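# Working through the structure, step by step
So the chains spell out like this:
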Amino acid sequence: MNLFHVLKPGFFTTVQDLGRYGYLGYGVPISGAMDTFSLVAANLLVENNPNDACLEITLIGPELKALADTQIAITGGNLSPKINGETVPMWQTLTIHKGGVISFGKVENGCRSYLSIRGGINTPTILGSKSTYVRGKFGGIEGRWLKAGDVIEGFNVPPIENTYKMPENLVPRFTNDFTVHVILGPQADMFTEKGVETFLSNPYKVTIESDRMGHRLEGPTIEHKRKADIVSDALLPGAIQVPKNGKPIVIMRDAQTTGGYPKIAVATTPDLDRLGQAKPNDTVRFSEITLEDAYKRLFEYRKTLSSLVGKLIKTV
Amino acid sequence: MKTNVYMFTRYLPFGDSALIVEFGDTINAAINRKVIALSETIKKASIKGVEELVPTYRSLLIRYNPAETTYQQLISSIEKIEKALEEALLEAKKGRIVIPVVYGGVYGPDLSYVAEYHGLTEEQVVKLHSEREYRVYMIGFVAGFPYLGDVPDEIATPRLETPRLKVPAGSVGIAEKQTGIYPCETPGGWRIIGRTPIKLFDPLWQPPALLKPGDTVKFKPISEEEFARIEELAKKGAYKP
């Protein structure tokens, strides 16, 4: 069922769900939404499954013309969404009629918006996921970002009778300054004590060379003991590599699955969502926590996600 | 011969949902065999909370669910299966795959450089590269890219100083003592000496990659005509390497 006609594609708009798990050993990255929490919320607001595919919209939003009446929700970073030129609220169920046009404007906060469509987006499931992996050229719409003229297909499902709104206290606030909790290792011992101290006590700036593969950061040089390379081992999103130049790179969801730079630390899972909303010139600070505390935070984060559906406010 | 396997296995934390079991810090078949044996042993033992295994040159990354197990519990489970590891090492039998390659020319623009660098003829480089059996150490970099080794010292060559923005799919490259095959068009810095017409990765295959860690690969020099013929067959899915 054709739901939207892409009039303008925006800067980098892709189809993403919660990601592709189980194929790292074949060199296939996890991909999926850079901000998982916002994707799940967008889905729940239109009574979708938490893992349904949404559009991930980066900085400059697309222009989409509705080909049928449907319900949507827009969450994540605030890119000033509009329907027919009128500003619309985020984090709640919206109705759009056939012929209506969704567009975006100024970046108010964050980096990525998620647009869910009632029933989900109908693209092929590849290796267990609908997520687009641009470098591998598969997933989503032909393995690429949207282009003008594309048609977004959905499923013929009945509209929901209730509409919902996220409670204010659960809406994440995105500023330009992110604190990321990290667990030191696996190769923290390849850095001098001073190097680790530099990493943990200074703000780093997100550079323009940042995308779904990773954030290159600028800031004080992190000192290695001797070597700045290792025999390649595995990477996961959140890993913080420090190549020879001493500037950290935070690995994100489309990154290669192995790498040859030492990893000083790995960001904790809940903070990956925040990193997914960091944009060039934003500040990132790293704060060390113990594994025990990281588990506690992870369980809290999972509880927030799994209880979200019961906490949405019915608006009709 | 010195194997470089650590006397004591290293366990390293990797964020809140993974850990690394490291057997060494060099590129070495004995270390890699141990990594793959551990990966297979854990798979068979179906340890609670283990979600995914990523074998690499010298270590195994284990992704786990901390709601079902912890870093410490996993380490003690792994220490207990060391005996089974010995058996897995003994029985390890893997695939042997022959990869047809056109060397040189537009297919292998760096073949002449590699020959010059070592004071060899192009034919000698081809012979040295294709007469040896290589071990698939790991798959990484991009989907389906096999890291193969070890390349004979006579043709081991450093990477390009500036990586190419586009390396065609199927390109066979050398980086020091490693050789590899680019499964798709991507930027890349390895010295490209040839190209294979066969497909290494297809997201619609199950599993999606032709090669897996522990397999053996041998390159077979072919002509341009054979390249075209195999390419046609491979497109139809009718070529069995």
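Note that the structure is predicted; figures quoted are calculated from it, not measured. (Residues numbered from 1 in each chain as written. Chains lettered and ligands numbered in written order. Predicted model: local features only at pLDDT ≥ 70, side-chain atom pairs only at ≥ 80, totals over all residues. Heavy atoms only, no water.)

With 47 residues of chain B at the interface, the matching set in chain A holds 42 residues. Regarding the contact of chain B and chain A, the summed buried area is about 3,400 Å², with carbon and sulfur atoms giving 63% of it. Contact with chain A buries area across many residues of chain B, yet F14(B), D16(B) and F141(B) alone supply 18% of it, more than any other trio. Scanning the region where chain B abuts chain A turns up two salt bridges. With a closest N to O distance of 2.8 Å, R10(B) and D189(A) form a salt bridge. Taken together, the links from chain B to chain A amount to 14 residue pairs in polar contact (both at pLDDT 80 or more). (Contact = heavy atoms within 4.5 Å. Buried area = accessible area lost by both parts, 1.4 Å probe. Salt bridge = Lys/Arg side-chain N within 4 Å of Asp/Glu carboxyl O. Polar contact = N/O pair within 3.5 Å; in protein donor to acceptor, adjacent residues only side chain to side chain.)

This next bit is on the domain arrangement of chain A. Residues and elements named next belong to chain A. Split into domains, chain A comes out as domain 1 (2–167) and domain 2 (177–303). Measuring from the centre of the C-alpha atoms in domain 1 to the corresponding centre in domain 2 gives 28 Å. Listed per partner, the contact involves 31 residues of domain 1 and 18 residues of domain 2. Interface area lost by domain 1 to domain 2 is led by M34, R112 and R135, which between them contribute 30%. Between R212 and E56 there is a salt bridge, with the nearest N and O atoms lying 2.8 Å from each other. (Domains from an automatic or database assignment.)

What follows deals with the packing of helix α1 (residues 36–44) of chain A against helix α4 (residues 291–311) of chain A. Residues and elements named next belong to chain A. Two numbers describe how α1 lies on α4: the axes approach to 9 Å, and their chain directions differ by 10°. On the basis of the axis angle, α1 is roughly parallel to α4. Regarding α1 and α4, the two cross each other, and that crossing is right-handed. In this structure, α1 uses T36, F37, V40, A41 and L44 to contact α4, whose residues at the interface are Y301, T304, L305, L308 and V309. Looking at the contact of α1 with α4 residue by residue, the class counts come to eight nonpolar, two polar and no charged. (Axes fitted to C-alpha atoms, helices over the stretch in contact; angles between N-to-C directions. Helix = DSSP H or I, 4+ residues; strand = E, 2+ residues; numbered from the N terminus. Parallel < 35°, antiparallel > 145°, perpendicular 65-115°, else oblique. Left-handed = near helix turned anticlockwise from the far one by under 90°. Nonpolar A, V, L, I, M, F, W, Y, C, P; charged D, E, K, R; others polar.)

With that settled, the discussion passes to the pairing of strand β2 (residues 18–22) of chain B. Residues and elements named next belong to chain B. Counting buried positions along β2 yields five of five residues, so the element is predominantly enclosed. Side chains A18, I20 and E22 of β2 all project onto a buried face; the interleaved residues L19 and V21 project onto the opposite face, where all are buried too. Strand direction decides the pairing type here: β2 and strand β4 (residues 59–64), joined by five bridges, are antiparallel. Considered in β4, the bridge of V21 is made with L60. (Buried < 20%, exposed > 50% of the residue type's maximum accessible area, 1.4 Å probe, protein only. Pairing = 2+ DSSP bridges.)

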